[in-house]
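# Coordinate inspection notes
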Amino acid sequence: MSTIDLSCRVGDLTCKNPLIAASGTFGFGREMSRFFDLGVLGGVVSKGVTVKERRGNPPHRIAEAPGGMLNAVGLQNPGIEKVIKEDLPWLIKQDTKVIVNAAGDDLGDYVKLAEALNGVGIDAIELNLSCPNVKTGCMAIGSEPALIEEVTRACKEIADVPIWVKLTPNVTHIGDMAKAAEAGGADAVSLINTLLGMRIDIRTKRPVIRNNTGGYSGPGVFPVALRMVHECFKAVNIPIVGLGGIMSAEDVVEMMLAGASAVQVGTATLLDPYTMPTMIEALPSVLESIGATSVSEIVGQMRPW
Amino acid sequence: MSTIDLSCRVGDLTCKNPLIAASGTFGFGREMSRFFDLGVLGGVVSKGVTVKERRGNPPHRIAEAPGGMLNAVGLQNPGIEKVIKEDLPWLIKQDTKVIVNAAGDDLGDYVKLAEALNGVGIDAIELNLSCPNVKTGCMAIGSEPALIEEVTRACKEIADVPIWVKLTPNVTHIGDMAKAAEAGGADAVSLINTLLGMRIDIRTKRPVIRNNTGGYSGPGVFPVALRMVHECFKAVNIPIVGLGGIMSAEDVVEMMLAGASAVQVGTATLLDPYTMPTMIEALPSVLESIGATSVSEIVGQMRPW
Amino acid sequence: MMERKYRHDATITKVDHLDEDNVFLTLNAPELSELSKPGQFVELETSQFLNRPFGVAICDKKAGTVGIGVRKVGKGTKEIFEYKAGDKATLFGPFGYGFSISEKTSRAYVIGGGTGIYPLLFLLQELKRAGIKTYTGCGFQSLTHALMIDDFSHISDDYLTACEIGEADVSGTAVDALAELYERHGQSDGTIVYACGPIPMLKAVNAWCEENGIDAECSFEARMGCGFGVCRGCAIPVIRDGQPTYDRCCVEGPVFRRGVVDWEGL
Amino acid sequence: MMERKYRHDATITKVDHLDEDNVFLTLNAPELSELSKPGQFVELETSQFLNRPFGVAICDKKAGTVGIGVRKVGKGTKEIFEYKAGDKATLFGPFGYGFSISEKTSRAYVIGGGTGIYPLLFLLQELKRAGIKTYTGCGFQSLTHALMIDDFSHISDDYLTACEIGEADVSGTAVDALAELYERHGQSDGTIVYACGPIPMLKAVNAWCEENGIDAECSFEARMGCGFGVCRGCAIPVIRDGQPTYDRCCVEGPVFRRGVVDWEGL
Ligand SMILES: Cc1cc2nc3c(=O)[nH]c(=O)nc-3n(C[C@H](O)[C@H](O)[C@H](O)COP(=O)(O)OP(=O)(O)OC[C@H]3O[C@@H](n4cnc5c(N)ncnc54)[C@H](O)[C@@H]3O)c2cc1C
Ligand SMILES: Cc1cc2nc3c(=O)[nH]c(=O)nc-3n(C[C@H](O)[C@H](O)[C@H](O)COP(=O)(O)OP(=O)(O)OC[C@H]3O[C@@H](n4cnc5c(N)ncnc54)[C@H](O)[C@@H]3O)c2cc1C
Ligand SMILES: Cc1cc2nc3c(=O)[nH]c(=O)nc-3n(C[C@H](O)[C@H](O)[C@H](O)COP(=O)(O)O)c2cc1C
Ligand SMILES: Cc1cc2nc3c(=O)[nH]c(=O)nc-3n(C[C@H](O)[C@H](O)[C@H](O)COP(=O)(O)O)c2cc1C
Ligand code: FES
Ligand code: FES
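Being a predicted model, the structure only gives us computed values, none of them experimental.

Each value, and the rule that gives it
Residues numbered from 1 in each chain as written. Chains lettered and ligands numbered in written order. Predicted model: local features only at pLDDT ≥ 70, side-chain atom pairs only at ≥ 80, totals over all residues. Heavy atoms only, no water. Contact = heavy atoms within 4.5 Å. Buried < 20%, exposed > 50% of the residue type's maximum accessible area, 1.4 Å probe, protein only. Helix = DSSP H or I, 4+ residues; strand = E, 2+ residues; numbered from the N terminus. Pairing = 2+ DSSP bridges. Right-handed = clockwise from strand over helix to strand, strands pointing away. Near = heavy atom within 4 Å. Polar contact = N/O pair within 3.5 Å; in protein donor to acceptor, adjacent residues only side chain to side chain. Areas by Shrake-Rupley, 256 points an atom, 1.4 Å probe, with all protein chains shown as cover. Phe/Tyr/Trp six-rings, centres within 6.5 Å; stacked < 30°, edge-to-face > 60°. Lys NZ or Arg CZ within 6 Å of the ring centre and 35° of its normal.

A few words on the arrangement of the chains. Contact analysis covers three pairs of chains in contact, and the most contacts occur between chains A and B. The two units chain B and chain D remain apart, with a minimum C-alpha distance of 11 Å. The least C-alpha distance between chain C and chain D, which are not in contact, is 10 Å.

Moving on, we get to the pairing of strand S13 (residues 215-219) of chain D. All names here are of chain D. By the criterion of burial, S13 is predominantly enclosed, with four of the five residues buried. Alignment of strand S12 (residues 191-196) against S13, held across five bridges, turns out to be parallel. Paired with Tyr194 across the bridge in S13 is Glu217. Regarding the hand of the β-α-β motif, the stretch spanning S12, helix H6 (residues 199-212) and S13 is right-handed. As paired elements, S13 and strand S16 (residues 255-257) share three bridges and run antiparallel to each other. Paired with Glu217 across the bridge in S16 is Arg257.

Moving on: the site of ligand 3. Around ligand 3, the surrounding shell holds 22 residues, and the nearest of these are Ser23, Lys166, Gly218, Gly245 and Thr267 of chain A. At ligand 3, the nearby residues belong to more than one chain, namely chains A and D. Take Thr267 of chain A: an N or O atom from its side chain is 2.6 Å from an oxygen atom of ligand 3. For ligand 3, the accessible surface in isolation is 600 Å², of which the surrounding protein chains cover 98%.

Time to look at the packing of aromatic side chains. Following the criterion strictly, the structure yields 32 aromatic pairs over all chains and no others. With 5.6 Å between their ring centres and 80° between their planes, Phe35 of chain B and Tyr274 of chain B make a pair best called edge-to-face. Of this pair, Phe35 of chain B sits in the loop between strand S3 (19-21) and strand S4 (43-45) while Tyr274 of chain B sits in the loop between helix H8 (267-271) and helix H9 (275-289); the two residues are 239 residues apart in sequence, bridging distant segments of the chain. Residues Phe35 of chain B and Tyr274 of chain B agree in their burial class; the two are buried. Feature note: the residues Phe35 and Tyr274 of chain A together with Tyr6, Phe41, Phe95 and Phe228 of chain D constitute an aromatic cluster, connected by ring pairs. Above the face of the Tyr246 of chain D ring, Arg61 of chain A is positioned so that its terminal group lies 4.8 Å from the ring centre. Across the ring face of Phe81 of chain D, the terminal group of Lys72 of chain D is positioned such that the distance to the ring centre comes to 4.2 Å.

In structure tokens form, the structure reads like this:
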């Protein structure tokens, strides 16, 4: 019906549309396949995977906030070996791009994960240098440009697929983090991971989340995510995958105008498992309404004052 | 009726209750006096004042976001001289504490403002080291611990009233900023100012706000504000004035449990001018419901897991 | 509990859908109707974050009701469009500096465009009560977009609809209607133009008034944070003491004398 | 447009306020009622950010309706408490692993506490249909807090209300009711306990079952992000392969065999 071209490119990777499921809100995809054929999506990023199995944090892991939620799951996952054996084979068979979100405590972990993923048949690795809910690695690495560059370079040397670096928004200068990833050879940066937040149960005087703090996501973070995507767009030449609070096809367009070559959808899926197909269905008419004939032509087309 | 003691202390300053109007959403108080007697409030922080008159940013200055709003007013104000002559005399006559929010481009500006405010009869100065909507000063200073300390110390040497330092949340380690203020001799830190954000009008492809970026405030920032208040509470010994997204008496209690000795209310007033009296009326019963007999006893009483 | 004079928990008593995009709501809000003056506005709560400003379009102090006309343009007004009689609505106001009706005013040209016409109804009501002759011109894209013609022609001493497309009293803009009305009724001491509508229309009204040496009061719109003067979000460029600066649309406005407005800066 | 099998835009057909805090909603949602099994739950949209999980309490596949019982505890349920017949509601589901009804089951002890009783109604309906004898005990704070006694006693082969305060069939907890029922009806091959209620009650049920060598299926609650297995928010401590780990309340649960639950870790 519509003649709008939805295909988009993130470096060498071409996706059928710019909607990629974000890490941690889509499992390893299989649970979602009862809702729809994953082939409708541009791509799927797996739950964060670590070298060894992780049990994750004790409950409560979730708290609510106006315009969003906090989580501190703590990277519960079966470990890379099991994921490669039991989860990825199914996911790779789906007609969509598969990106594995890799999380570690230190450089060695990231290297091990990149090595293990060689030859598995995925389309990219997303280095999670930004999870705020674990004690070591991740966000600690992701707020130090030198560490970002080092980890990225090491993985880039080993991996046989593109490396995306996922950045934390809990930093003063996000552009510097993107530059460090670029310097390390990253094929793309994805942002934002969650904002570090907290909620207290006033009755028990306890933090609602057992981990005390949690990562804040949802529409309440959208303005921050959009600003940071645009800052990175100005700072680096590698493509940007934009996420954080995207709830509608209009938000997708707004994020791409700010400079994102593709987007990821996280929390919105939790509220309605059909959210991503709904956005994909709505996207052509939103693009038409602003006079665009393809999705790729709008990337970074925001005109600052 | 209720026997709950609402009085609270921020250092040497005693307020009749912990609800202080935040800067920039209460003008210089006079516009609000048609709604209620300012004597019901714990205190009022003035709009940000600069050495010279400022015209502010061109419109649009406001954008909406789910769970909040963005603003880039750009510190429109008549300049310190006129404020002292025309605005403060009225405000000081009200039966509430008066804090002047002072904003500058550099150390010299802050010193001039502190000097000018000597003997005027206000109760404290809040150094705005955090406004994200002006090109120089403010947030640039507020993200550098050394500069925070320097500006604070210089003002502290001159001023005849307590110095509060208002911090920006757009930093990696908020605790370090609070420590710098403490090292400079600050009597209190107040936080958070707004999160730097952006919105784009997808039809015009222009940022909704003429300034391109704006400061994000409202309930959507509450979890971040709460987490940062608690981080500062752990980092320093001076009192903390907590703000960011407070919308109800329950939020006041949550913020104080996290470590705030008093709170400020900003954006909520824009949605309903009677918000602060409503919160003050509701506060005793909320405190009662958690078994407290005074507001001061709950400060920092959150029990981390 | 403290009195809340400017807060109104109203009931919607009547909903008139004027066309596919415009609705006229009548609200039962006695204190609000008691306080309101023409040109002032209210802030209406919706499920959107900020309240939405609308000019008071009708005010029946006896019945204790006010009316507002709302055009569906975005999320908030889309929600308002679905309101039904009996629904509750929270409003704040009235706010702002309205139209001034001077003792010296003898005749008034009342010019509206688009949704700018709504608040003019209330103005016309008060002008009539003050015994002032009113000549009204409303401009629309086309006749199918024209609104409330009957109400306006009924209350005005002369009324013209102007449309750029299709057949109307005047083919052209609201300012062409103004010119035609002026042609018919001329001026005398105490002639004034009242205008409310989109910026291009106001600019054209201003230019025409400049040329013809007539004073005008123009009602502006601006994105508002609060609506009552504390946030400085609603900047309108003006000239004060010869210097360009920003007034607050919600306090010094929404109605400005054309002389203070910084028309270049708009 | 793609089919949305697990999304239901339902209409509320009936609202029964059971007491000041509890409401029973009947919703017209044919596909949902077609799919639902006892112990499964739905996620109900409200104006709060996350959806709210409720066990399916009644399921009339012929009428195409489901029922849920809701207790007012916070913001979301306060909103639900105000729903009126005719209102629309969006639900997702059914989700989760429900109670299993085995061919071998001969008699079932059904134990509920607080809002945990609601999903047991649907279970009792299916147990009855399968010809299994049911002995039901529901525990409440006091008799004034007791809910749906008629419905439960009507559908069960034996029914006892237990209250810690005041006069009831059993003075004590739901587990005391269980003991009393067991006293009366004993066990045979294929006896099972089904339980749904607060953690302390489930712990007591587990301890009692341990002692008496009877198996149990217990339905748990956990804060949920999604309700369908992708966020890992809803952790329930279990023992798998001898190791403590976390299962998902929404996929492996909400109903767990008592043997897999890490009762110490709760
Ligand atoms: C003093 C005043 C009087 C007004 N009187 C009327 C009236 O009588 N009838 C009528 O139909 N409209 C009137 N408007 C315009 C009306 O306020 C906007 O159409 C409405 O706010 C749009 O809200 P939305 O959610 O549908 O649009 P969105 O575009 O979704 O709103 C996004 C944001 O922009 C603001 N906004 C959008 N358009 C305008 C606008 N034109 N002016 C100010 N803010 C805007 C909204 O308030 C909101 O904050 C008036 C505006 C002002 C300032
Ligand atoms: C599988 C399952 C089945 C349930 N069945 C029923 C039922 O049949 N009837 C009934 O009345 N209640 C049931 N509950 C509990 C019900 O979900 C909560 O009472 C409800 O979510 C509270 O929402 P609120 O906004 O009123 O409370 P708030 O405290 O304002 O909610 C804050 C957050 O905590 C969550 N939360 C609060 N209490 C609970 C709880 N007990 N369990 C899970 N999450 C909670 C909310 O969902 C929300 O995310 C069930 C819960 C689960 C997990
Ligand atoms: C429950 C939950 C689990 C998450 N787990 C991960 C994870 O394992 N790895 C990761 O990089 N990001 C994780 N995230 C962050 C999201 O991928 C995303 O960056 C963030 O939520 C912002 O996007 P959103 O607002 O669209 O959710 C998680 C988010 C949520 C809500
Ligand atoms: C319209 C507007 C103007 C503001 N102006 C100032 C200012 O002049 N000085 C300042 O320190 N903070 C200013 N702020 C920030 C607030 O004081 C407050 O720190 C922030 O909005 C977070 O609190 P809130 O969510 O309660 O609004 C302004 C905020 C808004 C919304
Ligand atoms: S809208 Fe806030 S000052 Fe005008
Ligand atoms: S609630 Fe998301 S996995 Fe269970």
